Amino acid sequence: MKEQIERLSLQGTYKNSREVSCGGIPYSARDILMTAPLIAGLNVYLVGGTGEGKTQLANDLVGVFGEEASCYAEGRPDFEPAELLKQINLGRVREAASDRELVELTENVRKCLYYVDELNRCPPIVMNYFFNFFDGKLVHNGKVLKLGSREYAVGYASGNIGDGAYVGISDTDRALKDRMHLIVKLDDPHFSTTEEDDGGIFEGKKDPRATPPQPGKSALEDIISIHKAYGERVIPAVLPALGIYFHKGLDYLEDTARHSKRAVDQMWPNIKDARKDTEETLIFPLSKRAIFATMGLSQALEMIAEARGYEVKDSAAVFLDALR
């Protein structure tokens with residue numbers, strides 16, 4: 001397990017040694033961005049300005065999975081996930097009883113990595129098509145089919161959120177953001193590359209383009225093996241209790257209809273007479289999907305820590321830092 005995790009953590013060209021502490025245990029930004037999400041099978045949305053490493057991470061992911069197990073798409077106004085997953089079989093024109101029978105699934109439905117570059121270059125109506133895509137499923141001929149292979153599929157996306165001056169982008173729907181289990185702003189100081197990283201990058205490259213995926217180094221078998229071990233872990237009892245608090249307990253708000261933030265969500269957080277002396281008033285309760293995602297991230301981080309010889313003494317602290 002230790003060797004598998006380290007191979008997964010070190011493979012690729014993207015360099016980021018920024019230390020991120022979760023539960024008092026040090027992790028690299030790469031652990032947060034790639035290793036832990038791949039272990040838990042979590043979707044990740046990488047956002048930030050240009051030149052912060054989103055494309056390099058995408059290329060590294062394709063290299064980690066191998067081209068045979070990767071599906072890469074570029075977001076654009078007219079894009080639909082169906083064009084990746086379905087095709088017309090013109091050879092069956094004479095024998096098919098209907099147009100529906102001409103549509104067949106492509107090999108892409110069995111890929112394990114689905115990456116959409118510049119997701120928010122698609123307008124909102126097109127983004128709606130991604131709901132099932134990032135839920136790991138496809139509706140075909142009235143049947144719901146699972147994407148991926150060997151019970152594994154993960155989705156990554158990138159977006160250039162700009163600073164108000166960037167054109168050609170749309171805001172991402174709240175429900176779609178919820179399906180992107182982990183959203184990380186790469187140019188945030190907590191996740192940006194260190195000065196030492198930048199020095200090595202500037203000294204080692206002359207080409208401003210991202211390094212292409214490295215062929216012949218697929219870590220798919222390692223990912224599948226570690227993900228299986230992740231699925232067999234026993235969840236610490238404290239995590240469901242924390243989940244109840246953040247999903248239901250955090251919903252309570254005095255002097256509102258049914259004492260619920262959700263009941264007044266159109267006005268929240270601008271609620272008249274609401275207490276301002278506690279941060280709980282300002283935090284909207286989390287969705288069940290967000291709770292599951294945080295539990296998954298924290299458990300994957302614990303697996304990484306254990307593989308490196310750390311003793312995880314406080315699963316609640318790891319959960320809370322993963323949530324943050």
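Let us look at the structure shown here. (Residues numbered from 1 in each chain as written. Predicted model: local features only at pLDDT ≥ 70, side-chain atom pairs only at ≥ 80, totals over all residues. Heavy atoms only, no water.)

1. Examining the sheet that holds strand β7 (residues 113-117)
Spatially, 5 strands are ordered β4-β7-β10-β3-β11 in an open sheet, and the strand pairing comes out parallel. Both edges of this open sheet fall to β4 (70-74) and β11 (182-185), since each of them pairs with a single strand only. Taken over all neighbouring pairs, the strand axes of this sheet differ in orientation by 15 degrees on average, direction set aside. Its contacts with the sheet put helix α3 (residues 54-65) on β3 (44-47), β4, β7 and β10 (154-159), and the angle it makes with β7 is roughly 160 degrees. (Pairing = 2+ DSSP bridges. Helix = DSSP H or I, 4+ residues; strand = E, 2+ residues; numbered from the N terminus. Axes fitted to C-alpha atoms, helices over the stretch in contact; angles between N-to-C directions. Contact = heavy atoms within 4.5 Å.)

2. Quick word on the packing of helix α1 (residues 2-10) against helix α10 (residues 220-231)
Relative to each other, α1 and α10 sit at 125 degrees, their axes nearing to 10 Å. Looking at the two axes, α1 sits oblique to α10. Considering how the two elements wind past one another, α1 and α10 form a crossing that is left-handed. Each of Gln 4, Ile 5, Arg 7 and Leu 8 in α1 lies in contact with α10, whose residues at this interface are Asp 222, Ile 223, Ser 225 and Ile 226. Split by residue class, the contact of α1 with α10 holds 4 nonpolar, 2 polar and 2 charged. (Parallel < 35°, antiparallel > 145°, perpendicular 65-115°, else oblique. Left-handed = near helix turned anticlockwise from the far one by under 90°. Nonpolar A, V, L, I, M, F, W, Y, C, P; charged D, E, K, R; others polar.)

3. A look at the nonpolar core
Leu 38, Phe 65, Tyr 156 and Leu 301 are the most contacted members of the largest nonpolar core, which totals 51 residues. Of the residues forming this core, the biggest block, 8 residues, is contributed by helix α12 (residues 288-307). Not counting residues up to four positions away in its chain, the partners in contact with Leu 301 are Cys 22, Tyr 27, Ile 32, Ala 36, Val 318 and Ala 322. Counting residues in hydrophobic clusters, the runner-up holds 22 residues, among them Val 47, Ala 73, Leu 119 and Met 127. (Core = buried A, V, L, I, M, F, W, Y, C linked by side-chain atoms within 4.5 Å. Buried < 20%, exposed > 50% of the residue type's maximum accessible area, 1.4 Å probe, protein only.)

4. A closer look at the layout of surface pockets
Here the largest pocket defines a volume of roughly 1,100 Å³. If you trace the largest pocket, you find 33 residues lining it, with His 181, Ile 183, Ala 322, Leu 323 and Arg 324 closest to the centre. In terms of residues, the lining of the largest pocket owes the most to one element, α12, which gives 5 residues. The residue inventory of the lining of the largest pocket, partitioned by class, reads 18 nonpolar, 5 polar and 10 charged. For the second largest pocket, the calculated volume is near 720 Å³. Forming the walls of the second largest pocket are 28 residues, and the residues nearest its centre are Gly 51, Glu 52, Gly 53, Gln 56 and Ile 201. Looking at the lining of the second largest pocket, the elements that each hand over two or more residues are α3 and α9 (195-204). Residue contributions to the lining of the second largest pocket peak at 7 residues, all from α9. Looking at the lining of the second largest pocket, its residues break down into 5 nonpolar, 12 polar and 11 charged. (1 Å grid on protein atoms, 1.4 Å probe; cavity = no way out; pocket = protein on both sides within 12 Å on 5 of 7 lines; lining within 4 Å. Points joined across faces, edges and corners; volume = space filled by probe spheres on them.)

So, to be careful, I would describe these as geometric facts and stop short of saying anything about function.
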